[in-house]
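Listed below are the residues making up each chain.
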Amino acid sequence: MAIASEMTVADQGPLSEESSGKPYGEVIRDYEALPGTKWRFGKPNYARVNKAYFQHRSKVHPEGSLESVVNKLVKNWEVESHHIADPKQWKTMDISKFKAALNGGPAANAQLMADIGPYNLLIGETSQYSSAALSFEDSNKIFGSTFSEGFAWECLEVLSGPPNVAFRWRHFGKFSGTYTDKKGIKYQGNGTMVDVVGMCIAKVNDKLVIESLDIYYNPDDLLKPLTTQVKRGEGERAVGTTDEGDSKNVKLALVAPPVARKTAAQSCECLLGGAIATPARRAPLAPHAVSASHAWVGRYLNVGFAS
């Protein structure tokens, strides 16, 4: 995730070598925009998130492996979905077919994702976050401020190859910034590493262009640490302030003690013919997900991720 507040719309042109990862000796992002493409916020700079990725990734995949291919494909997809406003200028997705869904819920097409943004699409409505109340720009600002050192992504394991690519993933970053919840209460992070683990089934064509994404994870694994892993004052668990312009309007955000970290299997209760459970919803598993190979489902349920 490149931070929108660090960009200027006037800054266009190709991504820098620094954004590709070359200074670290490995190309993890090789996106080349189509001629005439306009960056939404200005040309993104991935230097900060690349530093977080190379410092804290858990896997180093061999060049040419399915994992390395998926790793790069998703990073290129992120460039488009976050930083190019016009779907007609996308090339990692077939916009005539593209659909994306969270936890078996309603699918969004390319234009809807371009309008509301990946964060709003892939978090939805929870006790701490309201996608309906936030614009694309608002959501990017919130998470750019939250993960001020970068919020990186890695492919953990590919469970089945094309055309229906099932893979486990990890999103991670230090909560070193400030998170603002849907009530406007701010939480200052204490630098704890936030780990979010999930899985995805990506349908691709023979050119590895994405036609659909079915993403499964528990949004609470992302949001709960942002209101519990906070800096503490003397005699207080956490301090939150509202954004109402009144310096005297300070609220104490009472938080529960930290809970034990879940395994990937616990975070995503994936049962054939069952459901994906999250605090925000419990939706039936998509039919095409049920018809996927029993093998990868079994492996996923029996493999946890320890950060």
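All chains use their own residue numbering, which begins from 1 and follows the written sequence. In keeping with the model being predicted, local features are shown solely for residues with a pLDDT of at least 70 and side-chain atom pairs are shown and tallied solely at 80 or more, while totals for entire chains, interfaces and linings include all residues. Derived side-chain values reflect all non-hydrogen atoms in the structure, with water molecules and hydrogen atoms excluded from consideration.

*Asks:* Before we move on, can you summarise helix α3 (residues 66-83) with the specific residues and values?
*Replies:* Counting from the N terminus, the helices are the DSSP runs of H or I reaching at least four residues and the strands are the DSSP runs of E reaching at least two. Helix span is expected to be 1.5 Å times the residue number reduced by one. For α3, built from 18 residues, the straight-helix expectation of 26 Å at 1.5 Å per residue is met to within 8% by its first-to-last C-alpha distance of 26 Å. Each residue is placed in one exposure class: buried if its accessible area under a 1.4 Å probe, protein chains only, is under 20% of its type's maximum, exposed if it is over 50%, and partly exposed if it falls in between. Burial of α3 is extensive: 16 of the 18 residues sit out of reach of the surface.

*Asks:* Pulling in residues and values, what's your account of the environment of Val69?
*Replies:* Within the element layout of this structure, Val69 appears in helix α3. Linking Val69 and Cys155, residues 86 residues apart in sequence, is a C-alpha distance of 9.3 Å. By definition in these notes, contact holds between two residues if any of their heavy atoms fall within 4.5 Å. Residue contacts for Val69: discarding those within four places in its chain leaves Gly64 and Leu208.

*Asks:* Please set out the environment of Gln229 residue by residue, giving values where relevant.
*Replies:* Relative to the helices and strands, Gln229 resides in the loop between α8 (225-228) and β9 (239-241). Given a relative accessible area of 18%, Gln229 falls into the buried group. Along the backbone, Gln229 and Gly189 are 40 residues apart, and their C-alpha atoms lie at a distance of 6.1 Å.

*Asks:* Describe unusual backbone geometry, naming the residues involved and giving the relevant values.
*Replies:* Omega for the bond connecting Pro162 with Pro163 falls within 30 degrees of zero, at 10°, which places this linkage in the cis form. For Pro163, the position within the fold is in the loop between β3 (152-160) and β4 (164-174). Within the chain, Asn103 stands out as a residue other than glycine whose phi angle is a positive 50°. Mapped onto the elements of the fold, Asn103 is located in the loop between β1 (99-102) and β2 (108-109).

*Asks:* Quick rundown of the layout of surface pockets? Include the residues and the values.
*Replies:* Of the grid points, spaced at 1 Å and generated over the protein atoms alone, those admitting a 1.4 Å probe that cannot get out make up cavities, while open sets with protein on both sides within 12 Å along at least five of seven lines make up pockets; any residue with an atom within 4 Å of a point is treated as lining. Grid points are joined across faces, edges and corners, and a volume is the space filled by probe spheres set on the points. Quantified by volume, the second largest pocket comes out at close to 280 Å³. Taken together, 17 residues line the second largest pocket, and the ones lying closest to its centre are Pro14, Leu15, Asp30, Tyr31 and Glu32.

*Asks:* Residues and numbers for the pattern of salt bridges, please.
*Replies:* Here, a salt bridge means any Lys or Arg side-chain nitrogen found within 4 Å of an Asp or Glu carboxyl oxygen. For the structure on display, the rule yields six salt bridges. A salt bridge links Lys72 to Asp30, with the shortest nitrogen-to-oxygen separation between them at 3.9 Å. Highlighted residues: Lys72 in helix α3 and Asp30 in the loop between α1 (17-20) and α2 (47-56), separated in sequence by 42 residues. Residue classification places Asp30 among the partly exposed residues on the basis of a relative accessible area of 40%. Linking Arg170 and Glu154 is a salt bridge whose minimum nitrogen-to-oxygen distance equals 2.9 Å. One end of the pair, Arg170, is in strand β4; the other, Glu154, is in strand β3, with 16 residues separating them in the sequence. Take Arg170 and Glu154: they sit in the same class, and that class is buried. What emerges from the salt-bridge pattern is a single network uniting Glu154, Arg170 and Asp195.

*Asks:* Outline the pairing of β1, supporting the account with residue identities and numerical values.
*Replies:* Bridge count between β1 and β2: two bridges; the pairing is antiparallel. Across the sheet, Lys99 pairs through a bridge with Asn109, a residue of β2. Pairs of strands are assigned from DSSP output, requiring at least two bridges between the strands. Hairpin connection of β1 to β2: five residues between the antiparallel strands, including Asn103 at a positive phi of 50°. For β1 and strand β8 (residues 210-216), the ladder comprises four bridges, and the chain directions are parallel. Of the residues in β8, the one forming a bridge with Ala100 is Leu213.

*Asks:* How would you explain the sheet that holds β4 if you had to name every residue and give the values?
*Replies:* Strand order in this open sheet of six strands is β2-β1-β8-β7-β4-β3, and the pairing throughout is mixed. Looking along the sheet, the strands with just one partner apiece sit at the ends: β2 and β3. Relative to strand β7 (residues 193-204), β4 runs antiparallel, the two sharing 11 bridges. For Arg168, the partnering residue across the bridge sits in β7 and is Met199. Every angle, taken between N-to-C directions, lies between 0 and 180 degrees, and every axis is a line fitted to C-alpha atoms, over only the stretch in contact when it is a helix. Strands in contact with α3 are β3, β4 and β8; relative to β3, the strand with the most contacts, it is inclined by about 135°.

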